[in-house]
Amino acid sequence: MQLDFLGDLKRTHRCGELRSTDAGKTITLMGWVNRRRDHGNLIFIDLRDRSGITQIVFDKERNPEMHERVESVRNEYVLAVTGMVEPRSENTRNPKMETGDIEVLAGELKLLNESKVPPFFPGDANVNVNEEVRLKYRYLDLRRPEMHANMEMRHRVTLAIRNYLASEGFYEIETPYMTRSTPEGARDYLVPSRVHPGEFYALPQSPQIFKQLLMIGGLDRYFQIARCFRDEDLRADRQPEFTQIDLELSFPTEETIHGVVEGFLNAAFSAAGHTINRPFPQMPYDEAIRRYGIDKPDLRLPAMTDVKAVFPANVLETLAIDAALPVVVIRTPKVGELSRKERDEHKALLGDKQSKVIKFLDDFKRLEKSWPDVIAKVRELSGAEPDDLLVLVAAPKKAEAAVASSGDAAAERRKQRDAYAVYSNAGQLRLALAQRYAARHKAFEEQSFKFLWVTDFPSFEWDEQHETWTFAHHPFTSLHEDHMELLHEGVANLHDPNSALGAIRSRAYDVVLNGTELGSGSIRIHQQEVQAKIFEALGMDEAEQKLRFGFFLEALQYGTPPHGGIALGLDRIVMILAGAPSLREVIAFPKTAAATDLMMDAPTPVTDAQLKELNIAIKK
């Protein structure tokens, strides 16, 4: 097939722009063949670009040579067509197309490129294509209108956020991709240095230290649409490389940062055609655990209700429930009557580990027969409607239970840990029931955006595997001033799961939407002595602190202002706005769940010469 060069021909319109008001104009369109229909003397081609489709008519009687060339054209060929816009006749108009009132009568054709038969046709909405095929041929997948819409939305949302932050006095500043390895909560991607054999850079999990250094540098307000890299287990809302909206402010309060975030989220959602309610409600971490069993509550579903107070001691004894720990009820709306088989299937919702922590009772009719007054109060407290599913969750009674003496702080903290374990496992069951009966309550189908600030997170969390404490947010997070005594007390008991470290609450906050954590931030530590004490609480002696963070500890001694910030996942925001099932639908070139790039066939081995140059040997 003889192909043409574009030459100096210029496109006058995009394929989705023409309307009946353009009738009579001579225009030039360029794009891909979406569909071809041969009616003998007339050949119709739907020409597609990212804006939409226009129908082109090739008339054999008017231009036999051009008609003959078009006979060999197939889907995904690239054409440039010059012709006259004409209104369609009344009986040939297509109301399903934005350009359905017109067509273009072709006068000149340039055949710019041909195409192999693709593994799938981007313009065919009815073909169900395996995701691995889509990712292998991502350049074809990106031609699909759905992907165009996602990429356009991502662009509009990103631009709205960037414009808002600039209007609020933020500087957009880039930070390095090649830096040193620091603890951020996941494994680093390491980059070997050829110039410094045996030494490595790390790709940043976040720009955390750099943005704090920018505040020390007096830049006051920074933001970045930042690329970040984390070597962690993947799922639908995670990728090894991702984009976050990263920002930091000097001299802020939590409310200052919350206001900025709510402002740019409002701009982002407005760009996608949605209105959100501000200000967002706030809830301390401890309340979130008690009411939802999770630190990222989905407010579209009812909270759990603590109902232990309505149960007499003898009822708890009969039900073999631990009276020292919480008793909560989970309400799932509009589930209706359940069969015995359906209730039996609830048992599969608990794993082996969960079954050791909690038990549940879901046959409320049976409970009502024995204790009608008690169950009536449970229904009243939970706000249950007649067709709601109620499930009672509690800890199974233990053979022997240690009784905490008054004033025994460690015992009280142990009791709180056991109580939170009940709440947490009940929260998992709440979500499992919500997913199981989603088609009945339909709470997830409504396009409602329930935002929440979760605040006052624990500063430390217990690492069962290593039997020590680690940071819950990151080690640069400030704690509340009145918890400094707990920090000093806890440092003396680093390997005690009931030490005072577990009681410390930080000035950290997460912004949550419909059960998804959009972003996490905190007020930072700006005093060198406090930062060194936090490192000590994490088991770092002075030598290790100097080795890993000496440069930062020194920087803190040069007039560091109070500062704080946050980072939100841009990919997650766009995923929610697009109604997409995974991040892969809103990232142009994503990795699979196994962290591979099927299109580029990466990662791949490298040559022995490359390894030798880096002084690296592969252990076989």
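See the structure shown above.
From a predicted model like this one, the values you see are computed outputs, not experimental measurements.

Chemist: Could you give an account of the nonpolar core, with specific residues and numbers?
Modeler: Core analysis: the largest hydrophobic core is formed by 40 residues, its most contacted members being F264, L265, F269, F451 and L568. For this core, the element with the highest residue contribution is helix α6 (residues 254-271), accounting for seven residues. Within the second largest apolar cluster, 32 residues are counted, among which are A303, V335, L350 and F360.

Chemist: Tell me about the sheet that holds strand β12 (residues 305-306), and name the residues and values.
Modeler: If you trace the four strands from one edge of the open sheet to the other, you get β12-β13-β15-β14, paired in antiparallel fashion. Only two strands of the sheet have a single partner each, and these edge strands are β12 and β14 (359-361). In this structure, strand β13 (residues 327-332) lies alongside strand β15 (residues 389-394), joined through six bridges in antiparallel fashion. Paired with V327 across the two strands is A394, which belongs to β15. Contacting β12, β13 and β15, helix α12 (residues 372-382) runs over the sheet at an angle of about 60° to β13.

Chemist: Describe the pairing of strand β3 (residues 52-59), naming the residues involved and giving the relevant values.
Modeler: The buried count for β3 comes to six of eight residues, which makes it a mostly enclosed element. Where strand β2 (residues 42-49) meets β3, eight bridges bridge the pair, whose relative direction is antiparallel. Paired with R48 across the two strands is I53, which belongs to β3. Connecting the antiparallel pair β2 and β3 is a turn made up of two residues.

Chemist: Run through the environment of S459, naming residues and quoting values.
Modeler: Counting through the fold element by element, S459 comes out in the loop between β16 (451-455) and β17 (460-463). On the basis of relative accessibility, which here comes to 12%, the residue S459 falls in the buried class. Taking the C-alpha atoms as reference, S459 lies 8.3 Å from S478; in sequence the two are 19 residues apart.

Chemist: Can you break down helix α16 (residues 528-537) residue by residue, with the values?
Modeler: The buried fraction of α16 is high, at seven of ten residues. By the burial criterion, the buried members of α16 are V530, Q531, A532, K533, I534, F535 and A537. Looking at the buried residues of α16, the elements they touch are β17, α15 (484-491) and α17 (542-555). One or two steps after α16, the chain reaches G539, where phi turns positive at roughly 85°.

Chemist: Explain the pattern of salt bridges to me, and be specific about the residues and the numbers.
Modeler: A side chain of one charge can pair with a side chain of the opposite charge if their charged atoms are brought near each other. Scanning all chains against the criterion turns up 41 salt bridges. In this structure, the salt-bridge partner of R93 is E90, at a minimum N-O distance of 3.1 Å. In this structure, E241 engages K591 in a salt bridge whose closest nitrogen and oxygen atoms are separated by 2.6 Å. Taken together, the positions of E241 in strand β10 (residues 241-250) and K591 in the loop between α18 (570-578) and α19 (608-613) put the pair 350 residues apart, joining distant regions of the chain.

Chemist: I'd like a description of the side chain of D322, backed by residues and values.
Modeler: Summarising the element assignment, D322 is placed in the loop between α8 (313-318) and β13. In this structure D322 is buried but unpaired, with K398 as the nearest side chain of opposite charge at 5.2 Å. Among the polar contacts made by the side chain of D322, one reaches the main-chain amide nitrogen of A324 at a distance of 2.9 Å. Contact partners of D322, with chain neighbours within four places excluded, come to A395, P396 and K397.

Chemist: Explain the environment of Y292 to me, using residue names and the numbers behind them.
Modeler: For Y292, the position within the fold is in helix α7 (residues 285-292). Of the residues examined, Y292 reaches a relative accessible area of 6% and is grouped as buried. Separated by 106 residues in the primary sequence, Y292 and A186 place their C-alpha atoms 26 Å from one another. Discounting residues that sit within four places of it in the chain, Y292 has contacts with M283, P297, D298, L299, L301, P302, A303, M304, G427 and R430.

The rules we used
- Residues numbered from 1 in each chain as written.
- Predicted model: local features only at pLDDT ≥ 70, side-chain atom pairs only at ≥ 80, totals over all residues.
- Heavy atoms only, no water.
- Core = buried A, V, L, I, M, F, W, Y, C linked by side-chain atoms within 4.5 Å.
- Buried < 20%, exposed > 50% of the residue type's maximum accessible area, 1.4 Å probe, protein only.
- Helix = DSSP H or I, 4+ residues; strand = E, 2+ residues; numbered from the N terminus.
- Pairing = 2+ DSSP bridges.
- Contact = heavy atoms within 4.5 Å.
- Axes fitted to C-alpha atoms, helices over the stretch in contact; angles between N-to-C directions.
- Salt bridge = Lys/Arg side-chain N within 4 Å of Asp/Glu carboxyl O.
- Lys, Arg positive; Asp, Glu negative; His and termini not counted.
- Polar contact = N/O pair within 3.5 Å; in protein donor to acceptor, adjacent residues only side chain to side chain.

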